[in-house]
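Each chain, written out:
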Amino acid sequence: MTDKKATLTIDGKNWDFPILTGSMGPDVIDISTLYKITNHFTLDPGFTSTASCESEITFIDGYEGVLAYRGYQIEQLANEGDFLETCYLLLYGELPTLSQKAKFDSQITQHTMLHEQMGKLFSGFRRDAHPMAIMVGVVGALSAFYHDSTDISDERQRMIASMRMIAKMPTIAAMAYKYSIGQPPIYPANDLDYASNFLRMCFAVPCEDYRVNPVFSRAMDRIFTLHADHEQNASTSTVRLAGSSGANPFACIAAGIACLWGPAHGGANEAALNMLNEIGTPDRIPEFIARAKDKDDPFRLMGFGHRVYKSYDPRAKILQKTTHEVLEALGIKDDPILEIAMQLEKIALTDKYFVKRNLYPNIDFYSGITLKALGFPTDMFTVLFAVARTVGWIAQWKEMIEDPNQKIGRPRQLFQGSNIRNYVPVDKR
Ligand code: CMC
C-alpha cells in the first residue's frame, strides 16, 4: 500500500480509495468498499480495467512484451529449462534443485496412467466428437474416479489432485486423439520425458516401434512451457471463479477447458491455421487483409492481436524459431502455408491499420504451423493448449484456495431490463 489515494466525487460528495502498489506493473485502486460506502457499482465489461485478485505467479507487461513466471522471463525458461521444471516453479514458487527436480519428475511420471475404467468413458463418445468435447467430459469425470483428492480443505489432497492432473492430462489428450482416429490407446512409457511420452502416446501404434525425434520433443516441450500460464486470462479466471464456490479441482479444470475452447482464446491456433489454408496462395493475401480491415465484415486475421500484448508477443518470437527448426528437421523448405504466414506477418507489421491498433502476431499464429508439422490435426491444437495450461490453472486455483481472504466470486450488473410489473394470467394476455 502507498499513501496515494484516489478520490471519487459523486453528487459533490468525496470518497477516498487506497492505491495499492504491486512489485511490478501498474498501481491498482482498491475499490472493494465502493458499494458499501457509496451504493454504486463499477461497470467494466470484459474486465479491461479490473484486477480480479492479487497474485504472485505470472507477470505480463503487454507494452514491453514481457512475460515472466515467478520472476523468470519466458525466454530463459523456454530456451534453458524444461516444462516440468516450469511446472515445479509455478506450483512451488522457486526453481527446483537437482534432487527436487528428480523427485518431482518421478512423481509426475508415476501418475501418468488412468484408472482403467476411464477407458470405457471414451467409447461412449461418437468417433467424430471434437477432442475438446471429450476433454471437458473426461477431465470433469476425474472427480468420480479420484474421490480421495477432492477435499479442497486438505493441503495434501490439493497437491495430490494437482499432480494427478499434470500427469494424466497428456494421457487423456492422447486417448481422445487415438479414439477419434480409431486406433487403440497407447499406455504411457514412464522412462520417457513428459513431451516425448506424449508424442509417443499420440503417434505410436502397438504393432511398430516408435522413436521420438528429439527436435520434435524439444518443440513440444517448448510449446508446453510457453503456454503454461498467462495470469488472469479468460480460462484461468473461469477456473478461479468456479473454484471460489468450493468446487473440486477436477471440476474447476474442466470449466477452464470449456472456456479455453472458444476461438477468441485457445481455439485461435486452430482458427489461424484454418485461415491460412483458406487463403491458400499468397496472391489472395490482399483480399483477406482488406476483409480484416472492413468494419462491415466480421472477419478478423486469426493469430493477430492480443488483449494484453500491445507489442510483439514474446512467446511468438520464441516459437517462430522453433517452427523453423521443426520444418527443417522434416525437410520442409518451401511450405506454402508458412510462406503465407511469413507474408502476412510482414504486412501486419507494416500496414497502418495493424500498426495503429498494435495488432502483432500472437503465439497461436506460430503454434498452429508447428503443431501441424508435428503431425497433429487442427482439432487437437486446443487440446494441447489445455495440456500445457493445466499447471497454470492449478497454480492459480491453489493460490486462490490458500488465500485467507478468498471469497466466492460474485460480480454485479447494471440492470437495463423491465421495471417490476404484474403477472397477467395466460388467458388474459
Ligand atoms: N484482425 C483485424 N482487426 C482486429 C483484430 C484482428 N485479428 N484484432 C483486433 N482488431 C481490431 C478491432 O476491429 C478493433 O478495431 P477498431 O478500434 O477500429 O474498432 C481494434 O483492433 C481493437 O480490437 P478489440 O476487439 O477491442 O481488441 P481486444 O483487445 O478486445 O481483442 C482479441 C483481442 C485477441 C480478442 C482480438 O485481437 C482477436 O479477435 N484476435 C483474433 C483471435 C486471436 O488470435 N485470438 C488469440 C488471442 S491470444 C491467445 C491467448 O493468449 O489466450
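The structure this text deals with has already been given above.
Residues numbered from 1 in each chain as written. Predicted model: local features only at pLDDT ≥ 70, side-chain atom pairs only at ≥ 80, totals over all residues. Heavy atoms only, no water.

### Quick notes on the overall build of the protein chain
Thought 1: From N to C terminus, the protein chain includes 18 helices and six strands.
Thought 2: Relative to the globule expectation of 22 Å for 429 residues, the C-alpha radius of gyration of the protein chain, 23 Å, shows essentially globular dimensions.
Thought 3: Each principal axis of the C-alpha distribution contributes one length, and for the protein chain these read about 75 × 65 × 55 Å.
Thought 4: Considering only contacts in the protein chain between residues 6 or more positions apart, those separated by 24 or more positions represent 69%.
Thought 5: Total accessible area on the protein chain stands at roughly 22,100 Å², and carbon and sulfur atoms take up 52% of it.
Thought 6: When the 44 basic and 50 acidic side-chain charges of the protein chain are each reduced to a single mean position, those positions are 5 Å apart. (Helix = DSSP H or I, 4+ residues; strand = E, 2+ residues; numbered from the N terminus. Rg over C-alpha atoms; globule rule 2.2 N^0.38 Å. Contact = heavy atoms within 4.5 Å. Areas by Shrake-Rupley, 256 points an atom, 1.4 Å probe, with all protein chains shown as cover. Lys, Arg positive; Asp, Glu negative; His and termini not counted. Charge placed at Lys NZ, Arg CZ, Asp CG, Glu CD.)

### Notes on the site of the ligand
Thought 1: The environment of the ligand is made up of 21 residues, and the closest members are H265, R300, L301, G303 and R307.
Thought 2: Here N362 contributes a side-chain N or O atom positioned 3.0 Å from an oxygen atom of the ligand.
Thought 3: The fraction of the free accessible surface of the ligand (940 Å²) that becomes covered by protein chains is 76%.
Thought 4: Considering only residue class, the shell around the ligand consists of eight nonpolar, six polar and seven charged. (Near = heavy atom within 4 Å. Polar contact = N/O pair within 3.5 Å; in protein donor to acceptor, adjacent residues only side chain to side chain. Nonpolar A, V, L, I, M, F, W, Y, C, P; charged D, E, K, R; others polar.)

### Description of the packing of aromatic side chains
Thought 1: Applying the stated criterion across every chain, the model contains 18 aromatic pairs.
Thought 2: Judged by centre distance (6.0 Å) and plane angle (15°), the rings of F198 and F376 are stacked. Placement of F198 in helix 8 (residues 194-203) and of F376 in the loop between helix 17 (363-374) and helix 18 (381-401) is noted, with a sequence separation of 178 residues between them.
Thought 3: Seen in terms of ring centroids, F304 and F354 are 6.4 Å apart; in terms of plane orientation they differ by 55°. Their pairing is tilted. Here F304 is found in the loop between helix 13 (285-293) and helix 14 (314-329), whereas its partner F354 is found in helix 16 (residues 352-356), with 50 residues between them in sequence.
Thought 4: According to the relative accessible area criterion, F304 is buried, its value standing at 10%.
Thought 5: Three or more aromatic residues joined by ring pairs make a cluster, and in this case those are F83, Y177, Y194, F198, F203, F224 and F376.
Thought 6: For R127, the ring lying beneath its charged end belongs to Y179, and the centroid distance is 4.1 Å.
Thought 7: R291 extends its terminal NZ or CZ atom over the ring of F299, reaching a point 4.6 Å from the ring centre. (Phe/Tyr/Trp six-rings, centres within 6.5 Å; stacked < 30°, edge-to-face > 60°. Buried < 20%, exposed > 50% of the residue type's maximum accessible area, 1.4 Å probe, protein only. Lys NZ or Arg CZ within 6 Å of the ring centre and 35° of its normal.)

### What about a positive patch on the surface?
Thought 1: On the surface, K295, R300, K356 and R357 cluster together into a positively charged patch.
Thought 2: Tracing the backbone through its elements, the reader meets K295 in the loop between helix 13 and helix 14.
Thought 3: Taking relative accessible area as the criterion, K295 reaches 65% and is therefore assigned exposed. (Patch = residues over 30% accessible without salt bridge, like charges linked within 9 Å, V, L, I, M, F, W, Y side chains within 5 Å. Salt bridge = Lys/Arg side-chain N within 4 Å of Asp/Glu carboxyl O.)

### Concerning the side chain of E399
Thought 1: Looking at the element boundaries, E399 is found in helix 18.
Thought 2: Relative accessible area serves as the criterion here: at 19%, E399 is assigned to the buried category.
Thought 3: Of note is the side chain of E399, whose polar atom sits 2.8 Å from the backbone nitrogen of E56.
Thought 4: Residue contacts for E399: discarding those within four places in its chain leaves E54, S55, E56, I57 and R240.

### Section: the sheet that holds strand 1 (residues 5-10)
Thought 1: Spatially, 1-2-3 is the arrangement adopted by the three strands of the open sheet, whose pairing is antiparallel. Each edge of the open sheet carries a strand with a single partner, namely strand 1 and strand 3 (28-29).
Thought 2: With two bridges joining them, strand 2 (residues 13-20) and strand 3 adopt antiparallel strand pairing. Bridging across to strand 3, I19 finds its partner in I29. (Pairing = 2+ DSSP bridges.)

### Brief notes about the packing of helix 7 (residues 155-180) against helix 11 (residues 249-260)
Thought 1: Helix 11 packs onto helix 7 with a crossing angle of 45° between their chain directions and a minimal axis gap of 10 Å. By the criterion of interaxial angle, the relationship of helix 7 to helix 11 is oblique. Of the two elements, helix 7 crosses helix 11, and the hand of that crossing is right-handed. Of the residues in helix 11, those in contact with A161, M165 and M169 of helix 7 are P249, F250, I253 and I257.
Thought 2: Classifying every residue of the contact of helix 7 with helix 11 by side-chain character gives seven nonpolar, no polar and no charged. (Axes fitted to C-alpha atoms, helices over the stretch in contact; angles between N-to-C directions. Parallel < 35°, antiparallel > 145°, perpendicular 65-115°, else oblique. Left-handed = near helix turned anticlockwise from the far one by under 90°.)

### Considerations on the nonpolar core
Thought 1: Of all hydrophobic cores here, the largest spans 111 residues; its most connected members are M220, L276, L344 and F376.
Thought 2: The dominant element in this core, judged by the number of residues it contributes, is helix 18, at 14 residues. (Core = buried A, V, L, I, M, F, W, Y, C linked by side-chain atoms within 4.5 Å.)

### Section: the pairing of strand 2
Thought 1: In terms of strand pairing, strand 1 meets strand 2 through six bridges, oriented antiparallel. Pairing of I10 across the sheet is with K13, part of strand 2.
Thought 2: Connecting the antiparallel pair strand 1 and strand 2 is a turn made up of two residues, with D11 showing a positive phi of about 50°.

### Focus: the pattern of salt bridges
Pairs can form between side chains of opposite charge whenever their charged atoms are close.
Thought 1: Evaluated as defined, the whole model comprises 15 salt bridges.
Thought 2: Salt-bridge contacts for D105 lead to K101; the nearest nitrogen and oxygen are separated by 2.7 Å. Of the two residues, D105 and K101 both sit in helix 4 (residues 98-109), four residues apart, roughly one turn of that helix.
Thought 3: On the accessibility criterion, K101 (18% relative accessible area) is buried.
Thought 4: Note that R240 and E399 form a salt bridge whose closest N and O atoms lie 2.7 Å from each other.

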